[in-house]
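Understanding the architecture of this molecule
The lines below spell out each chain.
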Amino acid sequence: MSGEQAATLPRKTYEKELLRLQTELVKLQEWVRAEGARLVVVFEGRDAAGKGGTIKRVAEHLNPRVARIVALPKPTERERTQWYFQRYVEHLPAAGEIVLFDRSWYNRAGVEHVMGFCTKEEHQLFLRQCPIFERMLVEDGILLRKYWFSVSDEVQEERFRRRLTDPTRRWKLSPMDLESITRWEAYSRAKDEMLVHTDIAEAPWYVVESDDKRRARLNMIAHLLSTVPYREVPPPVLDLPPRPPSTGYVRPPRDLQTYVPDHAAGL
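In this text, all values refer to a predicted model and were calculated from it rather than measured experimentally.

Moving on, we get to the sheet that holds strand S2 (residues 67-70). The strand order across the open sheet built from five strands is S2-S3-S1-S4-S5, with neighbouring strands paired in parallel fashion. The open sheet terminates on both sides in strands that have one partner only, identified here as S2 and strand S5 (205-209). Pairs of neighbouring strands in the sheet enclose a mean axial angle of 20°, with direction left out of account. By the bridge criterion, seven bridges tie strand S1 (residues 38-45) to strand S4 (residues 143-150) in an arrangement that is parallel. Bridge assignment links Glu-44 to a residue of S4, and that residue is Trp-148.

See below:
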């Protein structure tokens, strides 16, 4: 999507390709489980850049026992005294697992740094330690993928306005989100500095243009699939057993149980 903004992807085209990619994600999941692989996918970007919607589509058809979404709240007082990366380490995958980080240790390079939630010394220490930390993960065999969702200021503001008036998405908007409008350039500088220090060969950053959410989701998923050498694992052969003949069981009367009212009947 270099140059002029590409036209919005038609819904039918989007849904057809999304289903195909989600089918491939299931194959990836089964490969991860069969091979005992460990996959970590980091989703970062500005507020309202489309991270959450993309994560939802990635995980939609996956087994939650295999693929976990990690979205940590702000650290507790105890966690504040720990090594910064410590609270994230405990959420890393074991063999046969996928972890999707909805924001990650990069909070320190972004919101914590811009909003003054960490000191300058803590921020600089993070920039020095992060590449070392990620090299350790990769050297230990973890497949680490990092995606930065890039959204323009106009589109971000438009999405914020829609959230203000949509009761189903109003919870997504916080005072912290609104601060990102007035601190746009500060976040831009923080992101640029972060990329300089942490875009390493062992764990490069991949930028996803996300003004068009449909394109962003398809592009991100397709790229993720292209970077993992998975193969289709044949599923076990299953046959439905014949239902045995009745032995005389009689269902209790319906009035002995409490049923959910048929709300749909009144629609």
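Between the first and last C-alpha of helix H6 (residues 120-139) there are 29 Å, a value that for 20 residues agrees with the 28 Å anticipated at 1.5 Å per step. Among the residues of H6, His-123, Phe-126, Leu-127, Cys-130, Pro-131, Phe-133, Glu-134 and Leu-137 are the ones counted as buried. A positive phi of about 105° marks Gly-141, the residue just after H6.

Turning next to the UniProt feature "domain: Polyphosphate kinase-2-related" (unreviewed entry) in the protein. Taking the numbering used here, the UniProt-annotated feature "domain: Polyphosphate kinase-2-related" (unreviewed entry) corresponds to residues 11-233. Helix makes up 53% of residues 11-233 and strand 14%, whereas the separation of the span's terminal C-alpha atoms amounts to 31 Å.

Okay, the nonpolar core next. Membership of the largest hydrophobic core comes to 34 residues, with the highest contact counts inside it found for Leu-28 and Met-220. Where this core is concerned, the elements lending two or more residues are helix H1 (11-35), S1, helix H2 (51-59), strand S3 (97-102), S4 and helix H10 (213-227). Looking at this core, the element that brings in the most residues is H1, giving seven residues. Beyond its immediate chain neighbours, meaning those up to four positions away, Leu-28 contacts Leu-39, Leu-225, Val-228 and Tyr-230.

What follows concerns the pattern of salt bridges. A pair can form between side chains of opposite charge whenever their charged atoms are brought close. If you walk through the whole model with that rule in mind, you get 22 salt bridges. For Asp-212, the salt bridge is made with Arg-215, and the minimal N-O distance between the two is 3.5 Å. Looking at Asp-212, the relative accessible area reads 6%, which means it is buried. Several salt bridges converge on common partners, so that one network encompasses Glu-24, Lys-27 and Glu-232.

Right, let's talk about the packing of H1 against H10 for a bit. Running from N to C, H1 and H10 cross one another at 25°; their axes reach a closest spacing of 10 Å. Our classification of the angle between H1 and H10 gives roughly parallel. Note on packing geometry: the crossing formed by H1 with H10 is left-handed. Within the contact between the two elements, H1 uses Arg-11, Tyr-14, Glu-17, Leu-18, Leu-21, Glu-24, Leu-25 and Leu-28 and H10 uses Arg-214, Arg-217, Leu-218, Ile-221, Ala-222, Leu-224 and Leu-225.

Reading the values: the criteria
- Residues numbered from 1 in each chain as written.
- Predicted model: local features only at pLDDT ≥ 70, side-chain atom pairs only at ≥ 80, totals over all residues.
- Heavy atoms only, no water.
- Pairing = 2+ DSSP bridges.
- Helix = DSSP H or I, 4+ residues; strand = E, 2+ residues; numbered from the N terminus.
- Axes fitted to C-alpha atoms, helices over the stretch in contact; angles between N-to-C directions.
- Expected span 1.5 Å × (residues − 1).
- Buried < 20%, exposed > 50% of the residue type's maximum accessible area, 1.4 Å probe, protein only.
- UniProt positions renumbered as here; feature names shortened; annotations may be inferred.
- Core = buried A, V, L, I, M, F, W, Y, C linked by side-chain atoms within 4.5 Å.
- Contact = heavy atoms within 4.5 Å.
- Salt bridge = Lys/Arg side-chain N within 4 Å of Asp/Glu carboxyl O.
- Parallel < 35°, antiparallel > 145°, perpendicular 65-115°, else oblique.
- Left-handed = near helix turned anticlockwise from the far one by under 90°.

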